[in-house]
Amino acid sequence: MNWNKITVRQYQQMLPIIQNESFTELDKLVKVICVLTGLSEDEVDSWPLQKVNEYKHLFEFDFKKEARKRIKVNGRYYRINWQIDKLPAARYIEAKTFVGDGMFKNLHRLMASCVIPQRKVGFMYFDKKYNAAEHEKYATDMLDAPFPFVYNACVFFYLVLMELTKSILSYSVEELKDKMNSQDLKALTLLSQNHIVTGK
């Protein structure tokens, strides 16, 4: 088993296990194997220790960093919109909300905000219109996408979103300082400074 075979859905099931401090390392490993294989704990417990240890490398979180142009999931094609400055405001707000509610638990939803559905004709790909009403369908597809690919794309978007939000807040303070009363300006300035420090 390698990271490229692990889906976002599986990783979201693995993360609470890995983070649970009440489990021993062996307990964590057995439970993670159950997530990845669909086997019961009793079945995995019957394995030789050597076979169980073959999965230990998954705790090292070591996978190839790559930026793909498109992805095929559940028979559907999606193009990654790497040009975040061209992201519509509604999708920017969606993405910011998903990050704020917990990036890893919402990884599939965040990714769904950053893709454009496509159709393939012969060897060519054509963008379909993004349908906000189908966001949850796109997100459900992203649950079955390879975790490393989605993780790399989402980290990129997260970093750009944080920088963009910081810039917008700083710009807002400068633009509005002559138009706002002092109490509102102070609140906006504090919000801007807090965002810059915490990334929230």
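Anything mentioned here points back to the structure above.
Computed from a predicted structure; not experimentally measured.

Student: Would you mind going over the overall build of the protein chain in detail, with residue names and values included?
Tutor: A tally of regular secondary structure across the protein chain gives nine helices and four strands. Listed N to C, the secondary structure of the protein chain is α-α-α-α-β-β-α-α-β-β-α-α-α in terms of helices and strands. Counting all 200 residues of the protein chain, 40% fall into the buried class. In the protein chain, the share of contacts with a sequence separation of at least 24, taken over all contacts with a separation of at least 6, comes to 63%. Surface accessibility of the protein chain: about 11800 Å² in total, with carbon and sulfur atoms responsible for 54%.

Student: Describe the pairing of strand β4 (residues 124-127), naming the residues involved and giving the relevant values.
Tutor: One face of the sheet, then the other: side chains in a regular strand alternate in exactly this way. Two strands pair when backbone bridges link them, and strand β3 (residues 115-121) and β4 are joined in this way by four bridges, in the antiparallel orientation. Looking across to β4, one finds that Q118 is bridged to D127. Linking β3 back to β4 in an antiparallel pair, the connection comprises two residues, with G122 at a positive phi of about 65°.

Student: So, a nonpolar patch on the surface: which residues are in play, and what are the values?
Tutor: A contiguous nonpolar patch, built from V121, F123, M124 and F126 and spanning about 460 Å² of accessible area, is present on the exposed surface. Examined against the element boundaries, F126 turns out to sit in strand β4.

Student: Please provide a residue-by-residue account of the pattern of salt bridges, values included.
Tutor: Enumeration over the complete set of coordinates arrives at seven salt bridges. The salt bridge partner of E41 is K31, with a shortest N-O separation of 2.9 Å. Placement of E41 in helix α3 (residues 41-45) and of K31 in helix α2 (residues 25-37) is noted, with a sequence separation of 10 residues between them. Its relative accessible area of 36% is what places E41 among the partly exposed residues. Here R79 makes a salt bridge to D127, at a shortest N to O gap of 2.7 Å. Of this pair, R79 sits in strand β2 (residues 76-80) while D127 is found in strand β4, placing the two residues 48 residues apart along the sequence. Judged by relative accessible area, which is 41%, D127 ranks as partly exposed.

About the thresholds
- Residues numbered from 1 in each chain as written.
- Predicted model: local features only at pLDDT ≥ 70, side-chain atom pairs only at ≥ 80, totals over all residues.
- Heavy atoms only, no water.
- Helix = DSSP H or I, 4+ residues; strand = E, 2+ residues; numbered from the N terminus.
- Buried < 20%, exposed > 50% of the residue type's maximum accessible area, 1.4 Å probe, protein only.
- Contact = heavy atoms within 4.5 Å.
- Areas by Shrake-Rupley, 256 points an atom, 1.4 Å probe, with all protein chains shown as cover.
- Pairing = 2+ DSSP bridges.
- Patch = residues over 30% accessible without salt bridge, like charges linked within 9 Å, V, L, I, M, F, W, Y side chains within 5 Å.
- Salt bridge = Lys/Arg side-chain N within 4 Å of Asp/Glu carboxyl O.

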